[in-house]
Structures are given as C-alpha cells and as structure tokens.
Amino acid sequence: MTQTIRGAWLAPEGLETVLEQDLARRGVTIDRWHGQLALSGQPSVFSPWALDIWQEPEVAPITSIRSAAEILRARQRNWSLYAADCFRRAALIEERLPPVKAAPLTFPTAPPTSPLGAWTLLDASTLLFSARKSSPFVNGTPQFVEDRIGPPSRAYLKLWEACTRLGRWPQAGETCLDLGATPGGWTWAIAKLGANVTAIDRAPLDPRVAAMPTVSFQQGSAFGLDPKEMLEADWVFSDIIAYPKRLFALATRWIESGRAKQLVLTVKFQGETDHDTVAAFEAIPGGHLAHLAQNKHELTFFWTKPSP
C-alpha cells in the first residue's frame, strides 16, 4: 500500500458517518475505511466521536508473520489488535507478541498507565500500527467486573466508565446531585462509593436505590432547579434525556452559578447529530467531550471548576 496514512480514528459501531462529519468540520477528509477505522493522509486531530485515536500511525510492509511481530516488538512491549481483515494471519501475529493484561476492572480503579499501541493488517503484506493512541484501553473499550444484582439498570456502567476515564470519582462524604435520576442506576453507583447523593426526578427512584443510606430523593424537574439557590455540590451528574441545546443551557447555568465543582453530563442526540452544539460544549473553558464505549448516539461532557 503506497498511500501515506497520517491519521487514524476508531469509530463507534454505527457512528462512522457521525465521525466523518465531525472530522470534515475540523478540516480532515477520510480517504478510506478499514472496518471502523477511518484513515486519512492528514494528521490525527482530536474528535470526541472517536473511541480511540491512533496518534502516530505508520505503515510497514511485512514478508511474514514473524517480520510483523518483530517490527512491533522492536518498538515497544504492549500492543492491541484491531482486526478488520486477514483475521487468521492477525491472530498468528498476536500470538507472537507479549500478552496484554486486559482483565476486567473492578471499579473504582485508576485507568492503566502502561504505554499501549495499536495495530492492524491492511492486507496480508501491510502492517499499520501506532505506538501512541488516545485511549489506554484496547480499542478504546474498558471492561468491568459487572454487578448484575444491585443496580436497577445497566446505566451504572456508563458512570463507571466516565469516572475511570476521568481518573477520579466521588469520595465518601462528598455531596453529589443526580439530575434526572430515575430509575437510579447512576444514583446507585454514586451511593456505593459512600458519597451523599440527592436524586432529582419527576418519577420515583427504584425502591432499592431509594433505601440506600446516603441517598435522598427530591421530586421535580432537573431543568426547574435554580443552581444559584442550591448549596455547592462536589459533583453534578446527569444522564437525562434532553435536547442537546437544552442540556447546554443547563450546563451553562450550573457553571455560571459557581455551585458545582465537577460536572459529568450525557449529551444525547435524537435524529441528526447537532454538531453546532457539540462545538459549543467544546468551547466551554475547563470542559471536554468524549464518546464512551457505553455511549450510544451521545457524548459525555466533563467539566472541572478552575482552582481559585
């Protein structure tokens, strides 16, 4: 393969078009797709819609399974495979590489810190690899030891992933708000950490969550709250279903009020992706967006209050 590849982005399944649209707005043209991996002759700029970004992609011809493994091993120890073609050949190369310990994480735990590269076979004789990538997880997807009994829904996994990626989470005794909490998956996850959480929703919480000792419930609309009338919260969470522009206004109110130290909000899209609102969220000082493996057609917004 003679084409120069300088940028590579791993798209979430089903959101390839959304990633391509976002990259186009950033001046990047996708030259070809390799499975869910978008390839370009332009550099790997940031896109919140990428599960993983290969930051230094290189292309190398290979003559054998052994030669491919030697190229990777000579560069560094840890490599993760993205397989989109030549599956048997890729598996044989992977067998010659040191194993990557990707055991499911027991939350809460910090994300891995060991360098992890990514590679794939473009065809039987062409290796594409990047020693640096944006995510410390294989193909941008952390795996957790799940709790299939306690939480009322699987939404808790999204909060676990968000906090793991952030590298911090609510501590015992901290004050948290969960806006639009019902049935209570996020409230459950926060309370399990020992933090005090007030769940706000028009509908009641799952009774098991409501009975947790650090949980209190306030019936009402998350959008009807005036943050200026609230006590300062260490964390404000929301996985509420709302139009992105409305959620942007909510985030702005909390930030301007000075009543939140940390925001973690899911920005959900119905129908077409509102790229203008994505740009508006990105422009908020101290904030950033990411597409989590647990996200669907949505992004997660993180914001931290600046130190005085």
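Everything discussed here concerns the structure shown above.
Throughout, residues of each chain are indexed from 1 in the direction in which the sequence is written. Selection of residues for local features in this predicted model requires a pLDDT of at least 70, selection of side-chain atom pairs for listing and counting requires 80 or more, and totals for whole chains, interfaces and linings are taken over all residues. In computing side-chain properties, one takes all heavy atoms of the structure into account and sets aside hydrogens as well as water.

(A) Just the sheet that holds strand S7 (residues 117-123), in detail. Whether two strands pair comes down to DSSP finding at least two bridges between them. Each helix is a run of H or I in the DSSP string that is no shorter than four residues. Each strand is a run of E no shorter than two, and both are numbered from the N terminus. Across the sheet, which stays open at both edges, the 4 strands sit in the order S5-S8-S7-S6 with mixed pairing between neighbours. Across the chains shown, the open sheet's two edge strands, defined by having one partner strand only, are strand S5 (57-61) and strand S6 (79-81). Taken over all neighbouring pairs, the strand axes of this sheet differ in orientation by 30° on average, direction set aside. Pairing of S5 with strand S8 (residues 126-130), which is carried by 5 bridges, proceeds in the antiparallel orientation. Of the residues in S8, the one forming a bridge with Val 59 is Leu 128. We call two residues contacting when some pair of their heavy atoms lies within 4.5 Å. To get an axis, a line is fitted to the C-alpha atoms, and for a helix only the part in contact is used. The angle between two axes follows their N-to-C directions and goes from 0 to 180 degrees. Relative to the sheet, helix H2 (residues 65-75) contacts S5, S6, S7 and S8, its axis offset from that of S8 by approximately 15°. Its contacts with the sheet put helix H3 (residues 87-95) on S6 and S7, and the angle it makes with S7 is roughly 145°.

(B) Main features of the packing of aromatic side chains. Aromatic contacts are taken between Phe, Tyr and Trp rings whose centres are within 6.5 Å, Trp giving its six-membered ring; a plane angle under 30 degrees counts as stacked, one over 60 as edge-to-face, and the others as tilted. Scanning the model with the defined rule gives 12 aromatic pairs in all. Here Tyr 156 and Trp 160 contribute two aromatic rings whose centre-to-centre distance is 4.7 Å and whose plane-to-plane angle is 85°, an arrangement assigned as edge-to-face. Here Trp 160 and Tyr 156 lie together in helix H4 (residues 156-166), a separation of 4 residues that amounts to about one turn. Exposed residues in this analysis have more than 50% of their type's maximum accessible area, buried residues have under 20%, and partly exposed residues fall in between, with area computed by a 1.4 Å probe over protein chains only. By relative accessible area, Tyr 156 is classed as buried at 2%. Ring centres of Phe 248 and Phe 281 lie 5.3 Å apart, and the angle between their planes is 85°; on these two criteria the pair is classed as edge-to-face. In this pair, Phe 248 is assigned in helix H7 (residues 244-257) and Phe 281 in helix H8 (residues 275-282), connecting sequence segments 33 residues apart. The class of Phe 248 is partly exposed, set by a relative accessible area of 25%. For Phe 281, a relative accessible area of 1% puts it in the buried group. Here a set of aromatic residues connected by ring pairs shows up, and it is made of Phe 107, Phe 144, Tyr 156, Trp 160, Trp 169 and Trp 188.

(C) Just the pairing of strand S15 (residues 298-304), in detail. The buried fraction of S15 amounts to 6 of the 7 residues, a majority that puts the element mostly inside the structure. As paired strands, strand S13 (residues 262-268) and S15 are joined by 7 bridges and run antiparallel to one another. The residue bridging Leu 263 from the neighbouring strand is Trp 303, located in S15. One ladder, built from 4 bridges, connects strand S14 (residues 287-290) with S15; its direction is antiparallel. Of the residues in S15, the one forming a bridge with Ala 290 is Thr 300.

(D) Region of the structure containing the pattern of salt bridges. By definition, a salt bridge exists where a carboxyl oxygen of Asp or Glu is found within 4 Å of a side-chain nitrogen of Lys or Arg. Under the criterion given, the structure shown has 16 salt bridges. Note that Asp 276 and Arg 25 form a salt bridge whose closest N and O atoms lie 3.0 Å from each other. Here Asp 276, found in helix H8, pairs with Arg 25, found in helix H1 (residues 16-25); they are 251 residues apart in sequence, far enough to count as distant. Taking the relative accessible area as the measure of exposure, Asp 276 reaches 54% and is therefore exposed. Residues joined in a network through salt bridges with shared partners are Lys 158, Asp 239, Lys 268 and Glu 298.

(E) Spotlight on the sheet that holds strand S12 (residues 235-238). A sheet is described by the order of its strands in space; here 7 strands give the open sequence S11-S10-S9-S12-S13-S15-S14, paired in mixed fashion. Each end of this open sheet is capped by a strand with a single partner; those strands are strand S11 (215-219) and S14. Neighbour to neighbour, the strand axes of the sheet diverge by 20° on average, direction disregarded. Packed on one face of the sheet, H7 meets strand S9 (175-179), S12, S13 and S15 and runs near 170° to S13. Relative to S14, H8 is tilted by about 140°, and along the sheet it contacts S13, S14 and S15.

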